[in-house]
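Chain residues, written in single-letter form:
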Amino acid sequence: MGREFNELFEIWADSYDMTVTGHDEEYKAVFQNYDDILKLVAEKSVGNVLEFGVGTGNLTKTLLEKGHLVFGIEPSASMREIAIAKLGSEVSIADGDFIQFKMPNAKIDTIVSSYAFHHLTDDEKANALAIYSKFLQKGGKIVFADTIFEDEMAYKKMIEDAKEKGYSNLANDLQSEYYTTKEVLSDILKENGFTVNYIRCNDFVLVMEAIKI
């Protein structure tokens, strides 16, 4: 359910915003166009929003600026603390993850996430998407920005490229987390009653827009 990475995020919390703004050369390409990616997720969102993996609140802030009511879910206490300090009382951020969370007492129109869904295995992704399909109404959306590969060959090539550049941390992350492919994710979404479209934002990140039919 992604919580096995919690210790990492407790450590990363204080420097996360520096990383996403391009100060870490090794991860610069991963976070290229970061602000535009968050804006795209917000623009694709409709109505009340449930956000998984709030982190330090950067996507949340963008959603609020677009006028959305946002309910946040974040498993890392350190990340929640930073997000609350950044956002104040504009949003509620609860402990939870993609699968185990308390449903807000409000109709949810869009589910969003940025740079987080890869913390789930493909089986866990399927479990999560099945849960969302049950409470999203027709026309409801899932809008996720994440590293999603065109196919298995592209995934393996990215690992080799990272190793050749001496980016050992990035290569390790690519091998130890649960990155998926468009084919796998599209099949899961179709099985759960969604149509899906992908928008490429950089060499790593796609924005996935799935609509309940």
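This one's a predicted model, so the numbers in the text were calculated from it and none came from an experiment.

1. Examining a negative patch on the surface
Alright, step 1. Together, D151, E152, E183, D187 and E191 give the surface a local cluster of negative charge.
Alright, step 2. Counting residues per element, the negative patch draws most heavily on helix 9 (residues 182-191), which supplies three residues.
Alright, step 3. The exposure class of D151 is partly exposed, given its relative accessible area of 37%.

2. Section: unusual backbone geometry
Alright, step 1. Its identity is not glycine, yet N33 carries a phi of approximately 65°, on the positive side.
Alright, step 2. Notably, Y115 is not glycine yet its phi reads approximately 55°, a positive angle.
Alright, step 3. Looking at the secondary structure, you find Y115 in the loop between strand 4 (110-114) and helix 6 (122-135).
Alright, step 4. Taking the relative accessible area as the measure of exposure, Y115 reaches 8% and is therefore buried.

3. Points about the nonpolar core
Alright, step 1. Core analysis: the biggest nonpolar cluster contains 39 residues, and F31, Y115, L174 and V207 have the highest contact counts within it.
Alright, step 2. Contributing elements (two or more residues each) for this core: helix 2 (16-23), helix 3 (34-44), helix 4 (58-65), helix 5 (77-87), strand 5 (141-149), helix 7 (152-164), helix 8 (168-176) and strand 8 (205-212).
Alright, step 3. Sort the elements by how many residues they give to this core and helix 3 lands first, with six residues.
Alright, step 4. Ranked by size, the runner-up nonpolar core spans 27 residues in total, among them F71, I73, I111 and A128.

4. Re helix 4
Alright, step 1. A large share of helix 4 lies buried, amounting to six of its eight residues.
Alright, step 2. Of the residues making up helix 4, those classed as buried are N58, L59, T60, T62, L63 and L64.
Alright, step 3. Looking one or two residues past helix 4, G67 carries a phi angle of roughly 90°, positive in sign.

5. Considerations on the pattern of salt bridges
Alright, step 1. Under the criterion given, the structure shown has 11 salt bridges.
Alright, step 2. Between D95 and R80 there is a salt bridge, with the nearest N and O atoms lying 3.4 Å from each other. Of the two residues, D95 is situated in the loop between strand 3 (92-94) and strand 4 and R80 in helix 5; the sequence distance between them amounts to 15 residues.
Alright, step 3. Between R200 and E150 there is a salt bridge, with its nearest N and O atoms 3.1 Å apart. One end of the pair, R200, is in strand 7 (residues 194-200); the other, E150, is in the loop between strand 5 and helix 7, with 50 residues separating them in the sequence.
Alright, step 4. Accessibility expressed as a relative area gives 39% for E150, which makes it partly exposed.
Alright, step 5. Counted as one network, the salt bridges with shared partners bring together K44, K141 and E209.

6. Focus on the UniProt feature "binding site: S-adenosyl-L-methionine" (unreviewed entry) in the protein
Alright, step 1. Here, UniProt's "binding site: S-adenosyl-L-methionine" (unreviewed entry) annotation points to G53, E74 and D97. A stretch of 45 residues holds the annotated residues, and the largest C-alpha distance among them is 7.1 Å, short enough that they meet in one place.
Alright, step 2. Turning to its location among the elements, G53 is positioned in the loop between strand 1 (49-52) and helix 4.
Alright, step 3. If near-sequence neighbours (up to four positions away) are discounted, G53 is found in contact with I73 and E74.
Alright, step 4. Structurally, E74 can be placed in the loop between strand 2 (70-73) and helix 5.
Alright, step 5. What makes E74 buried here is its relative accessible area of 5%.
Alright, step 6. With sequence-adjacent residues up to four places away left out, E74 is seen in contact with G53, V54, G55, M79, R80, I93, A94, D95 and G96.
Alright, step 7. Looking at E74, its side chain comes within polar contact range of the main-chain nitrogen of V54, at 3.2 Å.

Reading the values: rules and limits
Residues numbered from 1 in each chain as written. Predicted model: local features only at pLDDT ≥ 70, side-chain atom pairs only at ≥ 80, totals over all residues. Heavy atoms only, no water. Patch = residues over 30% accessible without salt bridge, like charges linked within 9 Å, V, L, I, M, F, W, Y side chains within 5 Å. Areas by Shrake-Rupley, 256 points an atom, 1.4 Å probe, with all protein chains shown as cover. Salt bridge = Lys/Arg side-chain N within 4 Å of Asp/Glu carboxyl O. Lys, Arg positive; Asp, Glu negative; His and termini not counted. Charge placed at Lys NZ, Arg CZ, Asp CG, Glu CD. Helix = DSSP H or I, 4+ residues; strand = E, 2+ residues; numbered from the N terminus. Buried < 20%, exposed > 50% of the residue type's maximum accessible area, 1.4 Å probe, protein only. Core = buried A, V, L, I, M, F, W, Y, C linked by side-chain atoms within 4.5 Å. UniProt positions renumbered as here; feature names shortened; annotations may be inferred. Contact = heavy atoms within 4.5 Å. Polar contact = N/O pair within 3.5 Å; in protein donor to acceptor, adjacent residues only side chain to side chain.

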